[in-house]
Structure formats: C-alpha cells, structure tokens
Amino acid sequence: MKFTLAKLTTFALLAVAASAETEVAEKSHPVLRGAIQVAVEASESVSASESVSASESASTSMDEFAPSDNTPASSDSEEDDELFPDEMNEDEEDKKNNSAQKRQSQRDARRAYDNPNRSQHEEQRERERKNNQSRRSGNACRDPNEPGCGNDNHPNDRERTRNQRCNGQGRSCNHHRVNPQDEPNRNRSATDRNCIRNCNGNSSCERRCSSVAQE
C-alpha cells in the first residue's frame, strides 16, 4: 500500500511538472511567434512601401517622356524647313549654271593661282577649243558661252569675277573676255553684238556686253 502511494505521489509530481512545462511552452511560443510575425509584417510593409515608391518613380520618369498637351505639334513642312533651310537656294543655283559653265569656273579659279599671268592669246585659244568641242559633239551646250544654255549671263559673270581678282589680288589681269568680233561661237557673237546695239551708246551698258563687265 505504501509502495502504491509512493508511486502515485511520484506520478502526480511528474504530471504537475509536465503540466508546468506545457504551460510555460504555451506561454513562450506565442510570444516568439508573435515577434516573428511582427518582424515579417514589418518586412512586408517595408517591401510594399519600396515597391510603391519604385512604381511612382517609374511613372514619373515615363511622364517626363510623355508628350505634353500644351506642346504644339509641328508639321512636316516646318521640320523640312528647319532641316533644309537653303534647299531652294541650292536648286536655283544649280539651275543657274550648267555643267560646262561650272567646269569653266573651276578652271578659272585654279588658273588664278597656277597661271596668274594668263595671256589673252591663251584665253582666245580656249574659247576656240570649247566651241570646236561643242560642234564636234553635236551638243551646243558643251560650250559654256552658248546662249540659252544654263546661265545666259555666264560670260558677263565670268568677266566680273576675273576683274575682281585682278583688282583685289593682282591675278588674271593680262586677259579679258573675248570681244564679239573675236568670239568663235557665232551665236554668242551675235548675242553680244545685239546687246551692244541695244545700249544706244551707253558705255556702262556696252561694258556689260563686251570685254569689261560693270562692277
């Protein structure tokens, strides 16, 4: 009987101890779980806040590139005018001188330095050569002095440029535009003669038709 009571007492004490441990565990674990839950919730809150901030920043960046309602739309013609402001002037210049006249201007510019003392004899020979080339080719416009081809005032413009080089640089002073009586191109000779005839004795007008162009 005493043995049985001792065993019961031992069992009772063990039960009380187990109950106390269970109570302690039940009291401690919710606290730990609560702390972890709070930490997790805090972390999720920070992450959500950062996500919202990043979204707002991206939205702001996209707004910077979005077209403004107050910005007027430019037309294609306005953009073309800004990109090609001198397009029409260049076209007009291209239409002014033909290929033969452009090459003549290039030769004159080169000779002003390579042969600044070019003689009238050399000028006369070149005019005869260019006229013969155009006649042999059957293309009158290969002669830069042919009337009705490209810039009809090319001979006058060429003489003006030569005169400016002579006065400003001392180059190309020993030759001048071929006079109508020496011009090998019959059409140019006739045109220059008519020009002089229509001047009615006005010397400035005659210079524009002959060897010395008016400045």
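Read on for an overview of the structure. Please read all numbers here as calculations on a predicted model, not as lab measurements.

**Quick look at the side chain of Lys130**
Okay, so step 1: Secondary-structure assignment places Lys130 in helix α5 (residues 120–137).
Okay, so step 2: The side chain of Lys130 is buried and forms no salt bridge, while Glu126, the nearest opposite charge, is found at 6.4 Å.
Okay, so step 3: Side chain to side chain, Lys130 and Gln133 meet in a polar contact 2.9 Å long.
Okay, so step 4: Setting aside anything within four residues of it in sequence, one finds Lys130 in contact with Arg107, Arg142, Asp143 and Pro144.

**Observations regarding the state of the cysteines**
Okay, so step 1: For the structure on display, the rule yields 4 disulfides.
Okay, so step 2: Cys199 shares a disulfide with Cys205; S-S distance 1.8 Å. Across the S-S bond linking Cys199 and Cys205, the dihedral sits near -65°, which makes this disulfide left-handed. Both residues of the pair, Cys199 and Cys205, belong to the buried class.
Okay, so step 3: With its disulfide-bonded cysteines labelled consecutively along the sequence, the protein is connected as 1-2, 3-4, 5-8, 6-7.

**Observations regarding α5**
Okay, so step 1: The first and last C-alpha atoms of α5 sit 26 Å apart over 18 residues, in line with the 26 Å expected at 1.5 Å per residue.
Okay, so step 2: Residues of α5 that are buried: Glu123, Gln124, Glu126, Arg127, Lys130, Asn131 and Ser134. Axial view of α5: buried residues confined to an arc of 160°, hence all on one face. Along α5, the residues that are exposed and aim more than 90 degrees away from the buried face are His121, Arg125 and Arg136.
Okay, so step 3: Where the residues of α5 are buried, they touch α4 (99–114) and α6 (154–169).
Okay, so step 4: Just past α5, the residue Gly138 takes up positive phi, approximately 80°.

**So, the layout of surface pockets**
Okay, so step 1: When its volume is computed, the largest pocket comes out at roughly 340 Å³.
Okay, so step 2: As for the largest pocket, its lining consists of 27 residues, of which Asp108, Asp157, Arg158, Glu159 and Thr161 are closest to the centre.
Okay, so step 3: Among the elements of the structure, α3 (87–96), α4, α5 and α6 are those that each provide at least two residues to the lining of the largest pocket.
Okay, so step 4: Considering every element that reaches the lining of the largest pocket, the biggest residue donor is α6, with 8 residues.
Okay, so step 5: Class assignment for the residues of the lining of the largest pocket results in 3 nonpolar, 10 polar and 14 charged.
Okay, so step 6: The space that makes up the second largest pocket amounts to roughly 170 Å³.
Okay, so step 7: Mapped by element, the contributors of at least two residues to the lining of the second largest pocket are α6, α7 (186–198) and α8 (203–209).
Okay, so step 8: The biggest single contributor to the lining of the second largest pocket is α7, with 4 residues.

Definitions and limits used
- Residues numbered from 1 in each chain as written.
- Predicted model: local features only at pLDDT ≥ 70, side-chain atom pairs only at ≥ 80, totals over all residues.
- Heavy atoms only, no water.
- Helix = DSSP H or I, 4+ residues; strand = E, 2+ residues; numbered from the N terminus.
- Buried < 20%, exposed > 50% of the residue type's maximum accessible area, 1.4 Å probe, protein only.
- Lys, Arg positive; Asp, Glu negative; His and termini not counted.
- Salt bridge = Lys/Arg side-chain N within 4 Å of Asp/Glu carboxyl O.
- Polar contact = N/O pair within 3.5 Å; in protein donor to acceptor, adjacent residues only side chain to side chain.
- Contact = heavy atoms within 4.5 Å.
- Disulfide = S-S within 2.5 Å.
- Expected span 1.5 Å × (residues − 1).
- Arc of directions from axis to C-beta.
- 1 Å grid on protein atoms, 1.4 Å probe; cavity = no way out; pocket = protein on both sides within 12 Å on 5 of 7 lines; lining within 4 Å.
- Points joined across faces, edges and corners; volume = space filled by probe spheres on them.
- Nonpolar A, V, L, I, M, F, W, Y, C, P; charged D, E, K, R; others polar.

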